[in-house]
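Summary of the model geometry
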Protein chains: 2
Amino acid sequence: MEEMITVAVDAMGGDHAPAEIVKGAVDAVKLRKDIKVCLIGRQDVVSEELAKNGFQGGQIEVIHAPEVIETAEPPVLAVRRKKQSSIVVGMNMVKEKKADAFVSAGSSGAILVGGQVIVGRIKGVERPPLAPLIPTKKGVSLLVDCGANVDARSSHLVQFAKMGSIYMENVLGVANPRVAIVNIGAEEEKGNALVKETFPLLKNCPDINFVGSIEARDIPEGEADVIVCEAFVGNVILKLYEGVGATLTSMLKSGLMATLRSKIGALLVKPALKKTMKSFDASEYGGAPLLGLNGLVVKTHGSSKAKEVTNSIIQCVTFKEQEINEKIKTNIGGSHGI
Amino acid sequence: MEEMITVAVDAMGGDHAPAEIVKGAVDAVKLRKDIKVCLIGRQDVVSEELAKNGFQGGQIEVIHAPEVIETAEPPVLAVRRKKQSSIVVGMNMVKEKKADAFVSAGSSGAILVGGQVIVGRIKGVERPPLAPLIPTKKGVSLLVDCGANVDARSSHLVQFAKMGSIYMENVLGVANPRVAIVNIGAEEEKGNALVKETFPLLKNCPDINFVGSIEARDIPEGEADVIVCEAFVGNVILKLYEGVGATLTSMLKSGLMATLRSKIGALLVKPALKKTMKSFDASEYGGAPLLGLNGLVVKTHGSSKAKEVTNSIIQCVTFKEQEINEKIKTNIGGSHGI
């Protein structure tokens, strides 16, 4: 019999909670018999949603958490005060090994704080980065860090590169992943103080396949598998990706409705157009793990619908099976920091 | 009789020099009788291009400059050593008031260095930012700074906001332009050290219409007219804009060729599609001025073709007519720095 994996899911977090979250969980356990989901939230609300989905069975358990951390709340205070919130309850389950992973579409700040304070860092890891997959022409790349960890140091970036490589190699199956640092030019002497300091450290790091600087222009082309940057820049990249994609899609739609000729054409190209735009939609690729924690915490988009929740839950299985955290422990812990 | 404006143009800079540059200059003087262009470059080469375009007349003069600064050369050294290069000769013409403006598609580094070292800053201006227009759903926004000025201070960003506002109001005709600072969240307490320090300064700046933080996601929607950030972030935004646009265009093209149905549709939607993608192409909006110099220096894309060169030359007229530098002098110089 195969091993079961337990994923705690924040039923109250995100714009479409609880309906889409619960639906996503139901879909996940339908797809995989080796997953158990603990839906964390207000018992009555969550049970009602489960009933709506006609769900019966042992693969989903509801864990009561009466409080909810709102997106606008100051994260540190919220995590400290709302002990009965879905985020704090979920994090504690991971800490106490009652769950292998926690998935939430709730407050990014609270998830980042909770991950560090409650679940805790792997020994030797200086900062746990948020590492989403972003779509490219060739597939996907991992963007580390996109969290709220601003003003990073070069030693953090080197760890991001190492952890990102382990993730891409083992979860995505990319052999010898190409690591690049975001820069404003291809030459080694270019960049701000942080990049100039980090570049030679990455170049001399034996554990990774460092390919040099990457200009933002080349990111969508898929020129690297692991894209290293500090969180402010990462956040800008991630959100601009979403923004340019969304704006172009909406502009294309109105552009195609402009003339009778283009309207007729639009009917014919719609499926192809939709497929292309979808392949470039970051939300198609599941949630972003917080790397380097003593357990798995996955942040999904605030706007997550059922499909992204399902994908994020299933992603946790590979993370566990490939023993990513053990590999990070050996690699980062074993090198006694940087 | 209307006043003539003299624009020095680097005939040797950029991927398509000299052919496209010379063609752009010829087109500009055909469109405007009040412009004189000085084409700077190798006399024989430039004259040959002029002949190819069948140009005769007094609106274009060729200024011989035997040297060329290559993109890969270290900028400071190149500007110091290559006194006879098209960039140095052009900058000197602006300095000596022989030209009102200098337009170049050449080495960004050399243009930024030359602008500061040869043309010089307006008194009180701490750093001259490179300020390109970027396309949005609503039109265009000005992105300051995208230059090579990394590791900026908060006082620089406040000046960028002021100069950017003057530019948008007077050159683009945007009344009371909305100024926003690039941030990783909408709340005032978010951001890295630089943004946190700059936010209250912008908030308390009486000369600008500060609307707060802007997340990268909202930039393509046109939520602000002047987008302030330090150059590393600005460079990432500008290049990712170009990158996502270019990658999506190429993916759409192959997507539309996938089936017979979509191929037929593609024929019908092609004009509408092309129009939309074009309106989102940064190169349509002329060059980027270096704001705050004692004269006008405009950097156009390295990949500039004739049309962008023409647009950049014509842009110089409005800059001169609206007395942008006099306004910057009054605003920045008058406030005795920050």
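Just above, that's the structure.
One structure accompanies this document, and this report is about it. (Residues numbered from 1 in each chain as written. Chains lettered and ligands numbered in written order. Predicted model: local features only at pLDDT ≥ 70, side-chain atom pairs only at ≥ 80, totals over all residues. Heavy atoms only, no water.)

**What about helix α5 (residues 108-119) of chain A?**
Each turn of an α-helix holds 3.6 residues, which means side chains three or four residues apart point in the same direction. All names here are of chain A. The end-to-end C-alpha distance of α5, which contains 12 residues, comes to 15 Å, matching closely the 16 Å that a straight helix rising 1.5 Å per residue would cover. Among the 12 residues that make up α5, 9 are buried, leaving the element largely enclosed by the rest of the structure. Gly109, Ala110, Ile111, Leu112, Val113, Gly114, Gly115, Ile118 and Val119 are the residues of α5 that are buried. For α5, the elements touching its buried residues are α3 (75-81), α4 (86-95), β4 (101-104), β10 (288-290) and β11 (296-299). Phi for Gly120, located one or two positions after α5, is positive at around 85°. (Helix = DSSP H or I, 4+ residues; strand = E, 2+ residues; numbered from the N terminus. Expected span 1.5 Å × (residues − 1). Buried < 20%, exposed > 50% of the residue type's maximum accessible area, 1.4 Å probe, protein only. Contact = heavy atoms within 4.5 Å.)

**Quick look at unusual backbone geometry**
Residue and element names in this part refer to chain A. Looking along the chain, the bond that leaves Val144 and enters Asp145 is cis, with omega of 20°. Its location among the elements puts Asp145 in the loop between β6 (139-144) and α6 (154-170). Phi at Lys97 is positive, roughly 60°, even though this residue is not glycine. Taking the relative accessible area as the measure of exposure, Lys97 reaches 64% and is therefore exposed.

**Here's the deal with the packing of aromatic side chains**
All names here are of chain A. Counting across every chain of the model gives 6 aromatic pairs over all chains. Arranged with centres 5.2 Å apart and planes meeting at 75°, the rings of Phe199 and Phe210 form a pair that is edge-to-face. With Phe199 in helix α7 (residues 193-203) and Phe210 in strand β8 (residues 209-214), this residue pair connects regions lying 11 residues apart in the sequence. Its relative accessible area of 7% is what places Phe199 among the buried residues. (Phe/Tyr/Trp six-rings, centres within 6.5 Å; stacked < 30°, edge-to-face > 60°.)

**What about the relation of the copies chain A and chain B?**
Once chain A has been moved 0.0 Å along the axis and rotated by 180°, it coincides with chain B to within an RMSD of 0.0 Å. Considering both components of the superposition, the chain copies are consistent with a two-fold axis. Closest approach to the rotation axis within chain A is made by the C-alpha atom of Gly265 of chain A, at a distance of 2.1 Å. Here 100% of the contact residues of chain A are again contact residues in chain B; the copies associate through an equivalent surface. (Least-squares fit on C-alpha atoms with pLDDT ≥ 70 in both.)

**Quick look at the interface of chain A and chain B**
With 50 residues of chain A in contact, the opposing surface of chain B contributes 50 residues. Overall, the association of chain A and chain B removes approximately 4,800 Å² of surface from exposure, summing both partners, and the carbon and sulfur fraction of that is 75%. When the area that chain A buries against chain B is broken down by residue, the three leading residues are Ile184, Phe232 and Leu240 of chain A, summing to 14%. With its nearest N and O atoms 2.3 Å apart, the salt bridge here joins Lys239 of chain B to Glu215 of chain A. Where chain A meets chain B, there are 16 residue pairs in polar contact (both at pLDDT 80 or more). (Buried area = accessible area lost by both parts, 1.4 Å probe. Salt bridge = Lys/Arg side-chain N within 4 Å of Asp/Glu carboxyl O. Polar contact = N/O pair within 3.5 Å; in protein donor to acceptor, adjacent residues only side chain to side chain.)

**What to know about the sheet that holds strand β1 (residues 5-10) of chain A**
Residues and elements named next belong to chain A. Strand order in this open sheet of 6 strands is β3-β2-β1-β4-β11-β10, and the pairing throughout is mixed. With partners counted over all chains shown, the strands left at the sheet margins are β3 (60-64) and β10, one partner each. Pairwise comparison of adjacent strand axes, ignoring direction, gives a mean angle of 25° for this sheet. Where strand β2 (residues 35-41) and β3 come together, 5 bridges link them in parallel fashion. Looking at the pairing, Ile40 lines up with Ile63 of β3. In this fold α5 packs onto β4, β10 and β11, with an angle of close to 175° to the strand it touches most, β11. Helix α10 (residues 306-321) rests against β1, β2, β4, β10 and β11 of the sheet, and its axis sits at about 140° to β1. (Pairing = 2+ DSSP bridges. Axes fitted to C-alpha atoms, helices over the stretch in contact; angles between N-to-C directions.)

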